[in-house]
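# Structure at a glance
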Amino acid sequence: MHVLRRRTFVQGSVAAAAVSTTIAPGEASSAPPVPGDGRQTGSSALRWPRFTAETRPWVRWWWLGSAVTGAGLTRNLLQLHQAGLGGVEVQPIYEAQGYEDRDLEYLSAPWVAALDHTTKQAARLGMQVDLTSGSGWTMGGPWITPEHSAGRALVARWQLTEGQRLEDPVRTEQPGHPGLVDEEKLSRPDLRPPMDPLPEPPLSALVAREATSGETVVLTDKVGTDGRLDWTAPPGSWQLTGVFAGLALKRVERAGPGGKGLMSDYTGGTGVRPHLDRLDAALGAGRRGLRASFHDSYELEATDWHRTFLADFERLRGYDVTPYLPDVFAEGDVDDTALRVMADVRQTFSELFVERFAKPWGRWSKGHGWLTRNQAHGSPANLLDVYAASDIPETEYTGAELVPIPGLRQGLGTAAPPVSLVWRMASSSAHLKGTTLVGAETITWRDEHYHVSLSQAKPAVDLLFSAGVNHVLFHGSAYSPDDVAWPGFSFYASTEVSPANTLWRDLPELNAYITRCQSILQDGEHGNDVLVYWPQADQWSRPKGGLAGEERELTPDYAWRGTPWMYGDPESPGAVVEPIEQRGWQLDWVSDTQLQEFSGRRGEVRNRHSRYAVVVVPRAELVPLDTMQRLHDLAAGGGTVVFVDRLPSDVPGYGDLASRRRRFRRLAEAMTARPVRGRTGWHRVGRGHVVVAAQGAALDAALESAGAVREPLADTGLRVLRRRHRQGWHYFVANVGAETVSGWQEIGVDARSVGLLDPLRNTRGRAEQRAAGRRTQVRLHLEPGQSVILRTFDRRRLAGPVADLAIPGGRTRAVDGPWELTFVEGGPELPAARRLDALVSWSELGPAEVAFSGTALYRTTLELDAADAKRDWLLDLGELCESARVRVNGVDVGTAWAIPYRVPLGGALRRGRNVLELEVTNLAANRCRALAQRGELELPHFMSWRSGKKPQDWDAMPSGVLGPVRLVESKG
């Protein structure tokens, strides 16, 4: 095997890229064609907005060991471009075994040259490039010394009684580096993460407390440099609590060569500045062709202390926390005072996280001319404030999801319901800032490796769209050298959106669907009019920080799954807000800090970028004084503030508690001092109102009276998103339920006319509409798995034909075969051609077929009389594993890849003999399974299996057309 040395890469690949590895002129394009679009014809009022690199989906692009070449990068970028992807996020990660001599050390000159080559080739293709803020995820690396790494409190305790002195020095031991894990165990010894000598943890504070009286004495200044305590215990039984500034010793996750090391300290000292300085030293000044710097989700694992925390706390909270450290670090139950101090500690860490990470990173990126793209979830902070500091807030959706679409494969591994209220935290922050893009790491690990189908991806994307996401990024695609055996390099936890995967063949169909949807969802402005207060103080004031059922942490991290801090706990905010969302109210979250930017005026609340009809406080118990004052002022200025069930009862935190409580009570009294006669729960405050409304009908009535617009479409179970465009409104509507929704449906806004755009079939036309009293109704037909976009116009009246809803009904005709089955592309080997008298899975045909992954051609004929040939037929494939390109009489009529597997045939059928051909592609899983059972599956790197089973133990997956195949007449 020929091995490229690092120097060879620089001289032979990147330096010569302009000569030997550039994209040929005929291959370069500002935008690949979107399948089925061509030139947009028909009314200009119903055209899709312009397709751009950002309306197209993106992909996370893993460089395993950064074992890349110029020619390989050019080839892979072209493949991604031709599949309809608009950009890549470069993420250098752990290396493959046996290929180490090809690795490029992260941030070395050859590595930077490879990055430059990537941005230049992407620009030629009209693509864009983002770069992760480190190798793997979280900032850090070998340049982060233990002193600059993330901290953790180490607590030691001693017992003394009257007259005793502490004989031992006030010291504790720093636990050693954790052992090697996963991919680290597979690494060559010279490529393993460094494990530098560890310093002795310095003492932050020593506090003595008497067990009976609770008398507390701070003893820190009585500890000498030798660790000896100069103090004799007074009468009583004393516990001494020592808090030391220890080290978390958390390493960067999945880092590659040159990037392995300790994680930066995100909250203490100089924060992430040492890491950013190292990036500057390698990347220099300027943009280097990058669009954005990206930070992945936070996995900080109880990083809950640093050397300057006590001073930071006093600066931000206004009192010394030292006397309360025995409460903060108490074992067992804690009292109200301890909970209040813990809430202050948690708030302090949240603010430091923004102060020493999010904002400095943003300023640094701006200095380079880059945007920031950030996944805030998992951080020990108010997620809304962290998202607010980024240009492109990004959420995450792993799967497998519990979605009741009939025929949708749930997938292997643990499944959970969708978490739209969590996703809305990202979209809300963009809406409040007036920025356009809301990202989502999508189908992260939707199913087991090489088991994910396009039909599984579409509902996941639809759910994200309905929560305000409009910038999908697949997770992901691994760069793979040409000489690596199939399936090439893979990432350990991924959907494997790569050319080796069989889904790649029809991936352009999914990408085109996403492109059309995102062109709408990035157009205009959001249409949310209900602003929901996020009661973070309630979370921080609970013993476990809102993470019921988990171990108590001083700095709880709020992961993307949302359990239990958003879902699954009756005390969580989601328990109140989820029904509001399900009833069709269009809502955004707002934090305490974000709320300070709003003012009330003329029946609404607004900041510089957004306006809302009403603010909702979802059964909050503890609300900061500044927030309570702002809520009062919003109402006094002319807005409406609705408290669900009750007003808050108190302020959180401990500092200046008595004074804050008095002011809080005065505000609460002022909010309810002037009841409105005849309107239960309504109170006049200045030019506006404060309302106390019970969950349910009373809350709905309050929101409607405040001017918010509910979407009745949600009553049918449909997911609905509303956005404003220049002449009216856009609706994204998706059916992810179990039942068909068909007939006249009411929309929330008034419209003179309505257009209907089908982003999957790329059809556009005038919607059937009628007036029902003062409401507008639109005729819809959405089966489980289907989606549509409505475009309303305030004044314009549309002309032209009514949109074809492709409603199955009327005459049906079975397509029974027989079928000629020919395997045309794939492996390990092509099975022999055969005749099928009945449709069965390939896995039932024989050993060669059960092992096969790829594409096979089905061919049959059918005779139609003159009457049937004139009918408007839909081809219904029944059960399909997994996608099918359809040809009738040699004419391509469409691709079936999403549930329901149905393709309109238009005028392709004719009187007499017709030839029907289906190019059907299955999952790559069966080929992986077969190779593994033969001992021939080469995966030369760390892998993890979602199902808990290795490939040789997988069940064979059904493949091909299972049917029944029918012609179904469309009623239009």
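As a reminder, the structure under discussion sits directly above these lines.
Residues numbered from 1 in each chain as written. Predicted model: local features only at pLDDT ≥ 70, side-chain atom pairs only at ≥ 80, totals over all residues. Heavy atoms only, no water.

## Thoughts on the sheet that holds strand β5 (residues 151–161)
- Taken together, four strands build an open sheet; the order of strands is β5-β8-β6-β7 and the sheet is antiparallel. What marks the edges here is a single partner per strand, and that holds for β5 and β7 (216–218). On average, each strand axis in the sheet is inclined to that of its neighbour by 20 degrees, with strand direction left out of account. (Pairing = 2+ DSSP bridges. Helix = DSSP H or I, 4+ residues; strand = E, 2+ residues; numbered from the N terminus. Axes fitted to C-alpha atoms, helices over the stretch in contact; angles between N-to-C directions.)

## Describing unusual backbone geometry
- In this structure, the amide linkage connecting tryptophan 486 to the following residue, proline 487, adopts the cis form with an omega of 10 degrees.
- The step from threonine 563 to proline 564 runs through a cis peptide bond, and the omega angle for that step is 0 degrees.
- In this fold, proline 564 is placed in the loop between α14 (536–540) and α15 (574–582).
- Even without glycine at this site, threonine 138 takes up a positive phi of about 75 degrees.
- What makes threonine 138 buried here is its relative accessible area of 2%. (Buried < 20%, exposed > 50% of the residue type's maximum accessible area, 1.4 Å probe, protein only.)

## Things to note about a positive patch on the surface
- A cluster of like positive charges, contributed by Arg662, Arg663, Arg665 and Arg666, occupies part of the molecular surface.
- By the secondary structure assignment, arginine 666 is in helix α18 (residues 657–671). (Patch = residues over 30% accessible without salt bridge, like charges linked within 9 Å, V, L, I, M, F, W, Y side chains within 5 Å. Areas by Shrake-Rupley, 256 points an atom, 1.4 Å probe, with all protein chains shown as cover. Salt bridge = Lys/Arg side-chain N within 4 Å of Asp/Glu carboxyl O. Lys, Arg positive; Asp, Glu negative; His and termini not counted. Charge placed at Lys NZ, Arg CZ, Asp CG, Glu CD.)

## Brief notes about the pattern of salt bridges
- Under the counting rule described, the total for this entry stands at 67 salt bridges.
- Between glutamate 355 and arginine 356 there is a salt bridge, with its nearest N and O atoms 3.8 Å apart.
- Here arginine 902 makes a salt bridge to aspartate 876, at a shortest N to O gap of 3.4 Å. Of this pair, arginine 902 sits in strand β41 (residues 902–904) while aspartate 876 sits in strand β37 (residues 873–876), and the two are 26 residues apart along the sequence.
- Relative accessible area serves as the criterion here: at 10%, aspartate 876 is assigned to the buried category.
- Here the residues in one salt-bridge network are Glu54, Arg60, Glu89, Asp130, Arg291, Asp296, Arg373, Glu394 and Glu441, joined through shared partners.

## With respect to the packing of aromatic side chains
- Scanning the entire structure with this criterion turns up 42 aromatic pairs.
- Relative to phenylalanine 353, the ring of tyrosine 266 has its centre 5.8 Å away and its plane inclined at 15 degrees; by these criteria the two rings are stacked. Of this pair, tyrosine 266 sits in the loop between β9 (262–263) and α6 (273–283) while phenylalanine 353 sits in helix α9 (residues 336–368), placing them 87 residues apart in sequence. Residue tyrosine 266 shares its accessibility class with phenylalanine 353, and that shared class is buried.
- Judged by centre distance (5.6 Å) and plane angle (70 degrees), the rings of tyrosine 558 and tryptophan 565 are edge-to-face.
- With a relative accessible area of 2%, tyrosine 558 lands in the buried category.
- In this structure tryptophan 565 comes out as buried when scored by relative accessible area, which is 1%.
- What links up through ring pairs into an aromatic cluster is the set Trp305, Phe309, Phe313, Tyr319, Tyr324, Phe329, Phe349 and Tyr654.
- Taking NZ or CZ as reference, arginine 254 lies 4.1 Å from the ring centre of tyrosine 492, over its face.
- Over the ring of tryptophan 729 we find arginine 722; its NZ or CZ atom is 5.5 Å from the centre of that ring. (Phe/Tyr/Trp six-rings, centres within 6.5 Å; stacked < 30°, edge-to-face > 60°. Lys NZ or Arg CZ within 6 Å of the ring centre and 35° of its normal.)

## Topic: the state of the cysteines
- Applying the stated rule across the entire model yields zero disulfides.
- With no disulfide of its own, cysteine 881 lies 17 Å from the sulfur of cysteine 928, the closest cysteine sulfur.
- Cysteine 881 gets classed as buried once you look at its relative accessible area, which sits at 7%. (Disulfide = S-S within 2.5 Å.)

## Quick look at the environment of alanine 71
- For alanine 71, the location among the structural elements is in helix α3 (residues 70–82).
- On the accessibility criterion, alanine 71 (44% relative accessible area) is partly exposed.
- It is 54 Å that separates the C-alpha atoms of alanine 71 and alanine 751, two residues lying 680 residues apart in sequence.

## Here's the deal with the sheet that holds strand β2 (residues 87–93)
- Spatially, eight strands are ordered β1-β2-β3-β10-β11-β12-β13-β14 in a closed barrel, and the strand pairing comes out parallel. Neighbouring strand axes in the sheet, compared pairwise and without regard to direction, differ in orientation by 30 degrees on average.
- With three bridges joining them, strand β3 (residues 128–132) and strand β10 (residues 292–295) adopt parallel strand pairing. For leucine 131, the partnering residue across the bridge sits in β10 and is serine 293.

## What to know about the packing of α6 against α9
- α9 packs onto α6 with a crossing angle of 15 degrees between their chain directions and a minimal axis gap of 10 Å. In this view, α6 runs roughly parallel relative to α9, as classed from their interaxial angle. The hand of the α6/α9 crossing is right-handed. Taking contact as the criterion, the partners of Arg273, Leu276, Leu279 and Asp280 in α6 are, on α9, Pro360, Trp361, Trp364 and His368.
- Residue classes in the contact of α6 with α9 are distributed as five nonpolar, one polar and two charged. (Parallel < 35°, antiparallel > 145°, perpendicular 65-115°, else oblique. Left-handed = near helix turned anticlockwise from the far one by under 90°. Contact = heavy atoms within 4.5 Å. Nonpolar A, V, L, I, M, F, W, Y, C, P; charged D, E, K, R; others polar.)

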